[in-house]
Amino acid sequence: MTRTVQIDVHGMSCANCSGTVAGAVKDLSGVTEANVNFATDEGSVTYDPEATSLAAIYEAIEKAGYDPVRASASIGVSDMTCANCAETNEEALEDVPGVISAAVNYATDEANVEYDPAATSRSALFDTIEGAGYSPVRNEGGGGSSGKESEAEARDAARNEEIRRQRRLTVFGALLSAPLVFFLAEKLLLGGNVLPDAVFGIEFGWIEFALATPVCVVLGREFIENAYTAVMRNRTANMDVLIALGASTAYLYSVVVLVGLLAGGLYFDTAALILVFITLGNYLEARSKGQAGEALQQLLEMEADTATVVDSEGNEREVALEDVAVGDRMKVRPGQKIPTDGVVVAGNSAVDESMITGESVPVEKAEGDEAVGGTVNENGVLTVEATEVGSDTALQRIVQTVKEAQSRQPEIQNVADRISSYFVPIVIANALLWGIVWYVFPEVLAGFVSARPLWGLVAGGPAVAGGAVSVFEFAVVVFASAVLIACPCALGLATPAATMVGTSIGARNGVLFKGGDVLERAKNVDTIVFDKTGTLTEGAMELTDVVALGGGDEGRAAGANAATDGGPGAATDGGARALERGEESDESEEIEESEEIDESDVLRLAASAESGSEHPLARAIVDGAKERGIDLAEPTDFENVPGHGVRATIDSEEVIVGNRKLMRDNGIDPAPAEADLERLEDEGKTAMCVARVPAETDNGEEGALIGLVANADTIKESAKEAVSALHERGLAVHMITGDNERTAKAVAEEVGIDPGNVRAEVLPEDKADAVDEIQDSGKRAMMVGDGVNDAPALATTYVGTAIGSGTDVAIEAADVTLMRDDPLDVLRAVRISEATLTKIKQNFVWALGYNTAMIPLASLGLLQPVLAAAAMAFSSVSVLTNSLLFRRYTPDEGYHLLGR
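Residues numbered from 1 in each chain as written. Predicted model: local features only at pLDDT ≥ 70, side-chain atom pairs only at ≥ 80, totals over all residues. Heavy atoms only, no water.

Visitor: Let's hear about the packing of aromatic side chains: which residues, and what values?
Guide: One pass over the full model with this rule turns up 11 aromatic pairs. Ring centres of Tyr-251 and Phe-268 lie 5.6 Å apart, and the angle between their planes is 70°; this geometry places the pair in the edge-to-face category. Of this pair, Tyr-251 sits in helix α7 (residues 239–258) while Phe-268 sits in helix α8 (residues 268–292), and the two are 17 residues apart along the sequence. As far as burial versus exposure is concerned, Tyr-251 and Phe-268 are alike and both buried. Judged by centre distance (6.0 Å) and plane angle (40°), the ring pair of Tyr-253 and Phe-472 falls under tilted. Of the two residues, Tyr-253 sits in helix α7 while Phe-472 sits in helix α14 (residues 471–485), which places them 219 residues apart along the sequence. Among the aromatic residues, ring-to-ring pairing joins Trp-206, Phe-209, Tyr-251 and Phe-268 into one connected group. Positioned over the ring face of Tyr-798 is Arg-521, at 5.8 Å from the centre of the ring. (Phe/Tyr/Trp six-rings, centres within 6.5 Å; stacked < 30°, edge-to-face > 60°. Helix = DSSP H or I, 4+ residues; strand = E, 2+ residues; numbered from the N terminus. Buried < 20%, exposed > 50% of the residue type's maximum accessible area, 1.4 Å probe, protein only. Lys NZ or Arg CZ within 6 Å of the ring centre and 35° of its normal.)

Below is the structure:
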């Protein structure tokens, strides 16, 4: 059966574009027709959903270079009871025409859906969830920050209402069941001979019936309805089926005995207490889920509610946060939160950014500095101009990243999902099998169990084996216990609960994981590959040296020590001697070839040529020249040679600034400067040759090398500690940089990286190939770069990690984003990953160990149904409690089982 969807496509500029999109889609197997209209930016695709998917169609359009319009929705689902419920909702949503992908998380009670807004709507998604038998938190808005806020508020309100509802049901059931607890204790502990057979002429069994029936009706109705929906509508079995079977079996058997249709004991107390224990477990579970999501809620609460907007005349007015627009100027007084991301345009203050970056030391802010929304102004008054508002702010992007991480589960969750999908049917089959076996072979089984006693059989076993109940009654008890003891909830919660807490720990410490799958992979890395500039170093290049070669041997000797960093014979003023001479001549005049070249001339020509470039090295040269009072000329015919340098025309002469290769490519021999180049590079500086080609020369053949300029970058304080700590973990550490080999190795040796693990002079587009070379030997590498220039390498590596300030970093460029400029956060990311996976495995031990141990006990007739129900409720709570204890962990040290 084919399906036709409408897709809006952006980015098409001509009819050829629409043909390209249609061709890319038609190439997919299963697509029978694809028509794309350039004039309306619309497309129509007919495809077989059994052969291909809407996600594959979207991917094909994107690979062709165009942007198919998609929307996303995060929908709260308030009444899922186990992982099977989540799977049912997920399958139902994925079957909706127009849905690209769907992920439903039982731990967060949320469905995250990507869909084609031209083919379906949020309302249709809500209806689909309801059609599957569950209750979506309806919010038809969802657009803009106010929509997202109301959506979050609606989900919180629904979750709080669910907690209150479960509490009311638990209290109601407990009050009516309290006498039944006494009756059960009298039966089990006192032999059942204390209470009379009748009270005021009414048989005692009818009193139990009167107390248990309201409990079974009020508390049991929901389980029975959900079980019916699961089996009859969705053709699946979930935890509600097990509870409904166990409680109904005990209740209906007791009713049959009470009216005299069958001889046996009464289990009204068991039926009621089963439901009370399960409802209590649901209440505790709902509370725990809310606590596990508190970190995300705390992030949302960091946002200011209002902003004080200042107009051009200085008038102030307080507006709601959603009414702030880009360009608005906001006054932020001491103690107030900065409403949105922006730039400080007036004032000085210290700002507490710990909520965003995890950095406890306040950051000084002055005019021109960036400010992050949600951070707290400590002292002075700031005026901030909004640059990002609504969902574009750093805080909202962090929240969205954390939410996406919680919805994308680790691969280990697939194991749990596969087990859960078969779990309930197997449990029911097991319970039926053992019920029948006990009914057919009571004496044999009773003898076998009694020969290996853990404790006694329920009620002493069947009557034929010396017990107190009939064979049929004992078989019923075994069946009820066996279905009640099994708990798929604990298994379903094991991974998402730990992942939710792990991603929250990361966010609290400035480490953002893009998904639970990334969180899982990070612990497996065995090689860390650092970019140099901005990662191990501050990335703030400074001009340190200017060397004039003077065009002859004498000039070279004189200029060899003209270092501006204070070295022997340094011109520490960056060309002060030339400035004195500059008073007698105009620096804008052409420098005659016969004139002796000094440091000021070299710096002027180099900075003028580099003024057309935005590269950090170029900026450092230009800023250094301006600081030294040197006037720059306007370059013409500027050309950037990526990875090598620049060419530009200055005062009718061609000036070339760059590395040795650029010089050779332009017919200029760098050999005369080799000694100075090596000296500067050995000091860890980036040195560049400066050459000029007079206008009368032909093809640059008579160009001359006139000097050198060198920049240096400060190594980050924590870089050496980070590399050392990574080595202690047994991780190999590499460095990739576009800098020259001597400078790269000097930096590597200073931070503790083996020079043999350094790849230098690597162009940005070649970094991905360099990472692939490392991984080709079987290594699992984590590439750590700036998240923008290193994007190709970050995409190809096992785990791509972007390190940045949180406002400038492109979060989309990597799997992990480090909000601080701290290399130690690489280690913290690995520790959080390792700790989270350890916690997941602990949860699996609880869940699987519990079921593995308890199901055989129930099957062998060693557990009362009511005790089985209590154990079932405890198993889910224990997994959530174990995950919540994980919240105390801080990644400054490795995770220990009995530690933090």
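Visitor: Outline the pairing of strand β1 (residues 3–10), listing residues and values.
Guide: The pairing of β1 with strand β3 (residues 42–47) spans six bridges and is classified as antiparallel. Residue pairing in the sheet places Thr-4 in a bridge with Thr-46 of β3. In this structure, β1 lies alongside strand β4 (residues 67–68), joined through two bridges in antiparallel fashion. Counterpart to Val-9 in the pairing with β4 is Pro-68. (Pairing = 2+ DSSP bridges.)

Visitor: Could you give an account of the sheet that holds β1, with specific residues and numbers?
Guide: Strands sit in the order β2-β3-β1-β4 across an open sheet of four strands; the sheet is antiparallel. Only two strands of the sheet have a single neighbouring strand rather than two, namely β2 (31–37) and β4. In this sheet, β3 lies alongside β2 in antiparallel orientation, the contact comprising six bridges. Within β3, the residue paired with Asn-35 across the bridge is Ser-44.

Visitor: Any chance you could break down the packing of helix α6 (residues 204–233) against α7 for me, citing the residues and the numbers?
Guide: With their axes 9 Å apart at the nearest point, α6 and α7 run at an angle of 145° to one another. For the crossing formed where α6 meets α7, the hand is left-handed. In this structure, α6 uses Gly-205, Trp-206, Phe-209, Thr-213, Cys-216, Phe-223, Ile-224, Asn-226, Ala-227, Ala-230 and Val-231 to contact α7, whose residues at the interface are Asp-240, Val-241, Ile-243, Ala-244, Ser-248, Tyr-251, Val-255 and Leu-258. A per-class count over the contact of α6 with α7 returns 14 nonpolar, four polar and one charged. (Axes fitted to C-alpha atoms, helices over the stretch in contact; angles between N-to-C directions. Left-handed = near helix turned anticlockwise from the far one by under 90°. Contact = heavy atoms within 4.5 Å. Nonpolar A, V, L, I, M, F, W, Y, C, P; charged D, E, K, R; others polar.)

Visitor: Give a detailed account of the side chain of Thr-544, specifying residues and quantitative values.
Guide: One can find Thr-544 in strand β21 (residues 542–548). For Thr-544, a relative accessible area of 14% puts it in the buried group. Side chain to side chain, Thr-544 and Asp-545 meet in a polar contact 2.6 Å long. (Polar contact = N/O pair within 3.5 Å; in protein donor to acceptor, adjacent residues only side chain to side chain.)

Visitor: Please provide a residue-by-residue account of α6, values included.
Guide: With 30 residues, α6 ought to run about 44 Å at 1.5 Å a step, and its terminal C-alpha atoms sit 40 Å apart, in line with that. Following α6 by one or two positions, Arg-235 has its phi on the positive side, about 55°. (Expected span 1.5 Å × (residues − 1).)

Visitor: Talk me through the sheet that holds strand β7 (residues 110–115); I want residue IDs and the actual numbers.
Guide: Strand order in this open sheet of three strands is β5-β7-β6, and the pairing throughout is antiparallel. This sheet does not close on itself; its edge strands, each paired only once, are β5 (71–76) and β6 (99–105). Sheet twist, expressed as the average angle between the axes of neighbouring strands with direction ignored, equals 15°. Packed on one face of the sheet, helix α3 (residues 83–94) meets β6 and β7 and runs near 170° to β6.

Visitor: Got a sec to walk through unusual backbone geometry? Specific residues and values, please.
Guide: Here the phi dihedral of Arg-235 falls at roughly 55°; this positive angle occurs in a residue that is not glycine. As for its position among the elements, Arg-235 is in the loop between α6 and α7.

Visitor: Describe the pattern of salt bridges, naming the residues involved and giving the relevant values.
Guide: With the rule as written, the count across this model stands at 34 salt bridges. Glu-162 is the salt-bridge partner of Arg-165, the closest N and O atoms lying 3.1 Å from each other. Here Glu-162 and Arg-165 lie together in helix α5 (residues 144–189), a separation of three residues that amounts to about one turn. In this structure, a network of salt bridges that share partners links the residues Arg-660, Glu-674, Glu-678, Glu-681, Asp-682 and Arg-742. (Salt bridge = Lys/Arg side-chain N within 4 Å of Asp/Glu carboxyl O.)

Visitor: An account of the environment of Val-326 is needed here, citing residue identities and associated values.
Guide: Its place among the elements puts Val-326 in the loop between β11 (316–320) and β12 (329–332). Taking the C-alpha atoms as reference points, Val-326 and Glu-388, separated by 62 residues in sequence, lie 6.1 Å from one another. Sequence-distant contacts of Val-326, that is, excluding residues within four places in its chain, are made with Ala-386, Thr-387 and Val-389.

Visitor: Tell me what's going on with helix α26 (residues 767–775), and back it up with residues and numbers.
Guide: Among all positions of α26, only Lys-767, Ala-768, Ala-770, Val-771, Ile-774 and Gln-775 are buried. End-on view of α26: buried residues confined to an arc of 160°, all on one side of the axis. Looking at the buried side of α26, the elements it contacts are β20 (527–531), β27 (732–736), β28 (758–759), β29 (781–785) and α27 (791–796). (Arc of directions from axis to C-beta.)

Visitor: I'd like a rundown of the pairing of β29, residues and numbers included.
Guide: For β29, a buried count of five out of five residues is recorded, marking the element as mostly surrounded by other parts of the structure. Residues Ala-781, Met-783 and Gly-785 line one face of β29 and the alternating positions Met-782 and Val-784 line the opposite face, and both faces are buried. Where β20 meets β29, four bridges bridge the pair, whose relative direction is parallel. The residue bridging Val-529 from the neighbouring strand is Met-783, located in β29. Here four bridges tie β29 to strand β30 (residues 799–803), and the two strands are oriented parallel to one another. The partner of Met-783 across the bridge, within β30, is Gly-800.

Visitor: How would you explain the confidence of the model for the protein if you had to name every residue and give the values?
Guide: Do not read the predicted coordinates in detail wherever pLDDT is low. Overall, the predicted model of the protein reaches an average pLDDT of 82, with 86% of residues at or above 70. In this model residues 142–149 is a low-confidence stretch, pLDDT under 50, and it forms 10 contacts with partners more than four residues away in sequence or in other chains. The model gives residues 806–810 a pLDDT under 50, and that stretch makes 16 contacts with residues more than four places away or in other chains. (pLDDT = per-residue confidence, 0-100.)

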